[in-house]
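Given next are the chains, with one letter for each unit.
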Amino acid sequence: MRLSRPTDAAPTASRHSELPPLSLAIGVACALGLTLIWAMTLQRIADEREQAVAAAMESNANLAIAFEQQVYRTLKAAEQVASFAREQYLNHGDTLDLRRWETRGVIREAMFNIISIVDARGSIVRSSRLPLNVNYADREFFIAQRDITPDLAHDVLHVSQPVLGRVTNRWQIPMSLGMWREDGRFAGVVVVSVDPAKFTDFHRQANLGAGGLLELTGLDGTVRGRKIDEDRGFGMDAHDLPWFQRRAVAQAGSFVDNGSLDGVPRVISFRTMADYPLMVTVGTAFKSELAPSQARRHGYLWLAGGVSAGLMLFTVLLMLALSRQRAAAEALQTSEALFRATFHQAAMGIVHLSPEGRILLANEKFRAMLGYDMAELRERTIFEIGDPQRQLEARLYLRKRLSLDSADALPEMEKTYLRKDGAVLWVCEALGVVQDRQGRPERVVAVVQDITARKALEARLSHDALHDTLTGLPNRMMFHDRLCQVLESARRRQGLAAVLFLDLDGFKEVNDTLGHAAGDELLKQVALRLEECMRAEDTVARIGGDEFGVVLASVAQEGDCEQVATKILDALSQPFMLGQQEVRISASVGGALFPLHGQSMDSLLARADTGMYAAKHEGKGRFCWEDKESPIQQTTHPTRPVPTGPADPA
Ligand SMILES: Nc1nc2c(ncn2[C@@H]2O[C@H](COP(=O)(O)OP(=O)(O)OP(=O)(O)O)[C@@H](O)[C@H]2O)c(=O)[nH]1
């Protein structure tokens, strides 16, 4: 079944086929949104991490500079002290008393562990500490100065690897200046020793945080001093350390070390010292450096997670809502399809009306029933195509159905419409009211059933019940009914009325000789002739068989009745043509007058019947009254009962 959309149907909701792409677009938008959120979040985290690393590197680089300066000052101080001691020794020789320097504060215990003058053979000749019988000929600080060519350009402090002091018995870093006589011969060294920890005391000034690293390393690859938190050390090999390796290609630099030293990732800054073959290294624990950005990172991740969850929830709810809307649209579409199928393919006419009765929409059946097209119907009200005589009734019916309490209104009514071609259309019409949200009537739906055929059948049955099917004349029932009405009328106006009974003479012979069909034909022709003899207000009825009854509605005088009877006898005495056969018959007629022969219908019928039999007895083909003088009760015919039952034409 094809459910085509009629042009006059109400507009439908949006097509559901557009919805799936919309859901897809929402899903894609959500995915893009999530991608964007996380891309921005991760980019932000990466940027902040990069910035934190850059800031840490810059901070560490500054710390490395400060550390270098502190070491530089320490070395310069040591160099100045050594240079001064050398000058004093070379000028004053054996009179130089270094122990007094300490007591006088020329050198400070806190700064230097020991200062000694060592001769060309490596023996201590002067020292701020006892004993003096110690030889340094095998020490690096001695050998390094002894083996270089005396040259003022190389008159630099040699910073030795940490050693265990032979005088102090403490680990220390000896730093030496060479001494040369005027003739260029090596005269020994001045050695100043410093506690390795002095170099890394910088840690106290700089807040390196947990895992912070300070390191002073010789370019020979030996660590002069290293401090990690409170752990100090020295003498380690630095060749494998990344910062030592990087120094080979850059004087200074910063980078992130992944924990090559002790497994702790650090931001490392290193610098090669000016004037001294040393490098300083500052490291801060990567974890503590990035702690603030890590905290923000967690915040960003939570925020992104929350926004993502919210976005996904919103998307799910939106898609759910769309899904429901789609389901509703589909349900609406199904409903509309059902409506269209019901409306346009219904076997009954359906018409939508405004509450005023204006035709808004009509289905094909209704249009076919009335013969109008939709445009013509829209120009009319339902009353204008109805029976003009019953417009008021139709309006009242509609008003009742529209009223709040329509319980007393019949659910349907039978009425007539006038088709466009003028024919009358009988319908059974039911009205339903559609209300708006406020409960006011918005539309009226009329379901219209064509009952014209039923009405015609009813009319035919009704006619058949009161008429003789062979002749079309009123039957016995209608004869009685008419007679009753006529008597009532005559009683009111105090006039005369008459009833005649008529029985054909010799009819049986026609049947017997010419056949039953000829008999039927003869009965029909008799009926026509009888009707022609009567006035419009009179009634001719077939009582049964070959008996007929006549009611004369108004009779001026007794003779009028006899005249009618004579007219009937004359009419029936004329020959009848039954096919090619000419037939002659006659009739016996009896009569009774109201009120002269009786007051009631039964008494009049009995008198007329008796008259008819009297006519038969007196030779047929005549009219007879019953004896007017005798009472009606005594003149009943012995062989003929008064006919009162239903007609039996057969
Ligand atoms: N063809 C035909 N015959 C009918 C019909 N109704 C009754 N008859 C016949 O009509 C006849 C009536 O009988 P009668 O009145 O005695 O016949 P008749 O020859 O007129 O006799 P009289 O009245 O004494 O003159 C019967 O033979 C019935 O069978 C009918 O509808 N059609």
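Residues numbered from 1 in each chain as written. Predicted model: local features only at pLDDT ≥ 70, side-chain atom pairs only at ≥ 80, totals over all residues. Heavy atoms only, no water.

Per an unreviewed UniProt entry, the protein chain is named PAS/PAC sensor-containing diguanylate cyclase/phosphodiesterase, and its organism is Hylemonella gracilis ATCC 19624.

Locating Ser 588 in the fold gives a position in strand β23 (residues 586–594). Within the structure, the side chain of Ser 588 is placed 2.8 Å from the side chain of Asp 505, a separation counted as a polar contact. Excluding its chain neighbours within four sequence positions, the residues that come into contact with Ser 588 are Phe 501, Leu 502, Asp 503, Asp 505, Met 612, Ala 615, Lys 616, Lys 620, Gly 621 and Arg 622. (Helix = DSSP H or I, 4+ residues; strand = E, 2+ residues; numbered from the N terminus. Polar contact = N/O pair within 3.5 Å; in protein donor to acceptor, adjacent residues only side chain to side chain. Contact = heavy atoms within 4.5 Å.)

The next subject is the packing of helix α15 (residues 516–533) against helix α16 (residues 558–573). At a closest axis distance of 10 Å, the pairing of α15 and α16 adopts a crossing angle of 145°. α15 and α16 meet at a crossing whose hand is right-handed. On the side of α15, the interface is formed by Val 526, Arg 529, Leu 530 and Cys 533, while α16 contributes Lys 567, Ile 568, Ala 571 and Leu 572. In terms of residue class, the contact of α15 with α16 is built from six nonpolar, no polar and two charged. (Axes fitted to C-alpha atoms, helices over the stretch in contact; angles between N-to-C directions. Left-handed = near helix turned anticlockwise from the far one by under 90°. Nonpolar A, V, L, I, M, F, W, Y, C, P; charged D, E, K, R; others polar.)

Per the UniProt record, "transmembrane region" (unreviewed entry) is annotated on residues 20–39 and 300–322. With 100% helix and 0% strand, the stretch residues 300–322 has end C-alpha atoms that lie 32 Å from each other. (UniProt positions renumbered as here; feature names shortened; annotations may be inferred.)

The next thing to look at is the sheet that holds β23. Within the open sheet, the five strands sit side by side as β19-β20-β18-β23-β24. Their pairing is mixed. Edge positions in the sheet fall to β19 (539–544) and β24 (623–625), since each of these pairs with one other strand and no more. On average, each strand axis in the sheet is inclined to that of its neighbour by 25°, with strand direction left out of account. Relative to β24, β23 runs parallel, the two sharing three bridges. In the sheet register, Gly 591 faces β24, and the bridge partner there is Trp 625. Of the strands in this sheet, β18 (496–505), β20 (547–555), β23 and β24 are in contact with helix α17 (residues 601–617), which crosses β23 at around 145°. (Pairing = 2+ DSSP bridges.)

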